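Here's the letter readout for the chains.
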Amino acid sequence: MLGKVLQLIKRSDIVAEVLDAREPSLTRSKKIENFAIKNNKKVLLILNKGDLVPLWVLKAWKQYFESNEDIKTIYISSTHHLGTKVLRDAMKALLKGQKGIVLFVGYPKTGKSSIINALKGKHSAFTSAHPLEYGYTKTIQLFKIDNKIYAWDTPGVIPPDGDELEKIIRGYNVDRLEDPVKPALLLIERILKFTSAAILKQIYKTEFSDPYDLLVKIATKRGWINKTDKEPNVEMAAKAIIRDFHEGKITYYTLPPSLNRDDKSSSV
Ligand SMILES: Nc1nc2c(ncn2[C@@H]2O[C@H](COP(=O)(O)OP(=O)(O)O)[C@@H](O)[C@H]2O)c(=O)[nH]1
Ligand SMILES: [Mg+2]
């Protein structure tokens, strides 16, 4: 899979890496960035799902990536159509007014397709899948953003790797999980580490005493009860919460390493 994206990087002008603004460190692929830099491509980091994170946190991450790592960074909320002009301008500036192709890469569910959708606007032409792209014309699509900028969407080219929690944060397909409960509990613990339980109580409209209890409460509330033993179906609740996380319904934030000493996940 990764091989495909490396080929595409070589044929692009800008590599726009889409990160989840809630978890920029964990949704980054240094491999992709390093390969892009080695091939003299410009890297643009896009912190997407910015609507889920306070503005000062977005600014802190931008500052961190730009001053510590010298990578141009912008933040955006593609589904709220916020920041699209800043993104357009950033691409134009990196292309120095020339024509070019922007490759949108990132782990699944970071919002690559949503961003391209927000950029291309209602009437922008959609060009067909590129016929010359190594026979994977069905998945890699080239979009026209404006007269000078084309964009490649790349579904599924960075497989979610890492431990159980990292896989989930990196967009692992919920339906492929053998046991969704454990990763869901790890995800809830992580969210509670960074935000107050009140947020989850508000989203799921229920009180709960611990992560497992939240799954029980969600299942009970939604009537997900096992037919056999009449117990709450916590597997379904676990899948629901992971899906909600992917679909951008859970607000929390992590901080860049410069502002955060005890979060091990931020030590990129
Ligand atoms: N809250 C929020 N959700 C978003 C945003 N962008 C994408 N999403 C949601 O995240 C999920 C994955 O988006 P998608 O564009 O399919 O991601 P892709 O796999 O990278 O192409 C979808 O449910 C989107 O609605 C955003 O800016 N804010
Ligand atoms: Mg997509």
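Above this note sits the structure.
Residues numbered from 1 in each chain as written. Chains lettered and ligands numbered in written order. Predicted model: local features only at pLDDT ≥ 70, side-chain atom pairs only at ≥ 80, totals over all residues. Heavy atoms only, no water.

Draft legend 1. Region of the structure containing the nonpolar core. Ile 9, Ile 32, Phe 65 and Leu 103 are the most contacted members of the largest nonpolar core, which has 29 residues in total. For this core, the elements supplying multiple residues, two or more each, are helix H1 (2–10), strand E1 (14–20), helix H2 (30–38), strand E2 (42–48), helix H3 (55–69) and strand E4 (100–105). Ranked by residue count, the leading element in this core is H3, at five residues. Those residues in contact with Leu 103, other than ones at most four positions away along the chain, are Val 5, Leu 8, Ile 9, Ser 12, Ile 14, Val 15, Ala 16, Trp 152 and Thr 154. (Core = buried A, V, L, I, M, F, W, Y, C linked by side-chain atoms within 4.5 Å. Buried < 20%, exposed > 50% of the residue type's maximum accessible area, 1.4 Å probe, protein only. Helix = DSSP H or I, 4+ residues; strand = E, 2+ residues; numbered from the N terminus. Contact = heavy atoms within 4.5 Å.)

Draft legend 2. Main features of the site of ligand 1. Of all residues adjacent to ligand 1, which total 17 residues, the nearest are Asp 51, Ser 78, Lys 112, Ser 113 and Ser 114. Asp 51 places a side-chain nitrogen or oxygen 2.7 Å from a nitrogen atom of ligand 1. Ser 78 places a polar side-chain atom, nitrogen or oxygen, 2.9 Å from a nitrogen atom of ligand 1. A total of 580 Å² of accessible area belongs to ligand 1 in isolation, and the protein chains cover 79% of it. Counting atoms within 2 Å of the grid points, the majority share of ligand 1 lands in the largest pocket. Counted by class, the shell around ligand 1 contains two nonpolar, 10 polar and five charged residues. Built from parts of two domains, the shell around ligand 1 gets at least three residues from each of domain 1 (2–153) and domain 2 (164–262). (Near = heavy atom within 4 Å. Polar contact = N/O pair within 3.5 Å; in protein donor to acceptor, adjacent residues only side chain to side chain. Areas by Shrake-Rupley, 256 points an atom, 1.4 Å probe, with all protein chains shown as cover. 1 Å grid on protein atoms, 1.4 Å probe; cavity = no way out; pocket = protein on both sides within 12 Å on 5 of 7 lines; lining within 4 Å. Sits in = over half its atoms within 2 Å of the grid points. Nonpolar A, V, L, I, M, F, W, Y, C, P; charged D, E, K, R; others polar. Domains from an automatic or database assignment.)

Draft legend 3. Representation of the packing of aromatic side chains. Applying the stated criterion across every chain, the model contains six aromatic pairs. Note on Phe 194 and Tyr 252: the rings are 6.4 Å apart at their centroids and 25° apart in plane angle, and the pair reads as stacked. Here Phe 194 is found in helix H7 (residues 181–194), whereas its partner Tyr 252 is found in the segment after helix H10 (234–246), with 58 residues between them in sequence. Residue Phe 194 shares its accessibility class with Tyr 252, and that shared class is buried. Taken together, Trp 61, Tyr 64 and Phe 65 form an aromatic cluster joined through their ring pairs. For Arg 22, the ring lying beneath its charged end belongs to Phe 245, and the centroid distance is 4.0 Å. We note Lys 201 situated over the ring of Phe 208; from NZ or CZ to the ring centre the distance is 5.9 Å. (Phe/Tyr/Trp six-rings, centres within 6.5 Å; stacked < 30°, edge-to-face > 60°. Lys NZ or Arg CZ within 6 Å of the ring centre and 35° of its normal.)

Draft legend 4. The sheet that holds E4, seen in detail. Pairing is mixed across the open sheet formed by six strands, whose spatial order is E3-E2-E1-E4-E6-E5. The sheet terminates laterally at strand E3 (72–75) and strand E5 (141–144), the two strands that pair on one side only. Strand-to-strand twist of the sheet, defined as the mean angle between neighbouring strand axes without regard to direction, takes the value 25°. Across the face of the sheet, H1 comes into contact with E1, E4 and strand E6 (149–153) while running at roughly 155° to E4. (Pairing = 2+ DSSP bridges. Axes fitted to C-alpha atoms, helices over the stretch in contact; angles between N-to-C directions.)

Draft legend 5. Here's a closer look at the pairing of E2. With six of seven residues buried, E2 is to be regarded as a mostly interior element. Of the pairings in the sheet, the one linking E1 to E2 comprises seven bridges and is parallel in character. Across the sheet, the residue bridging to Val 18 is Ile 46, located in E2. Regarding the hand of the β-α-β motif, the stretch spanning E1, H2 and E2 is right-handed. Direction of pairing for E2 relative to E3: parallel, over a ladder of four bridges. Following the sheet pairing, Leu 45 is matched in E3 by Thr 73. (Right-handed = clockwise from strand over helix to strand, strands pointing away.)

Draft legend 6. The arrangement of empty space enclosed by the protein in detail. Throughout the structure, instances matching the rule amount to one cavity of 30 Å³ or more. The space that makes up the largest cavity amounts to roughly 40 Å³. For the largest cavity, the full set of lining residues is Asp 20, Arg 22, Lys 49, Pro 108, Lys 109, Thr 110, Ile 169, Gly 171, Phe 245 and His 246. There are two domains that each give the lining of the largest cavity at least three residues, and those are domain 1 (2–153) and domain 2 (164–262). (Points joined across faces, edges and corners; volume = space filled by probe spheres on them.)

Draft legend 7. Expanded view of the layout of surface pockets. One number sums up the size of the largest pocket: a volume of about 590 Å³. Forming the walls of the largest pocket are 28 residues, and the residues nearest its centre are Pro 108, Lys 109, Thr 110, Lys 112 and Gly 171. Of all the elements, helix H5 (residues 112–120) adds the most residues to the lining of the largest pocket, at three residues. The residue makeup of the lining of the largest pocket, split by class, is seven nonpolar, 14 polar and seven charged. Here the lining of the largest pocket spans two domains, and each of domain 1 (2–153) and domain 2 (164–262) adds at least three residues to it.

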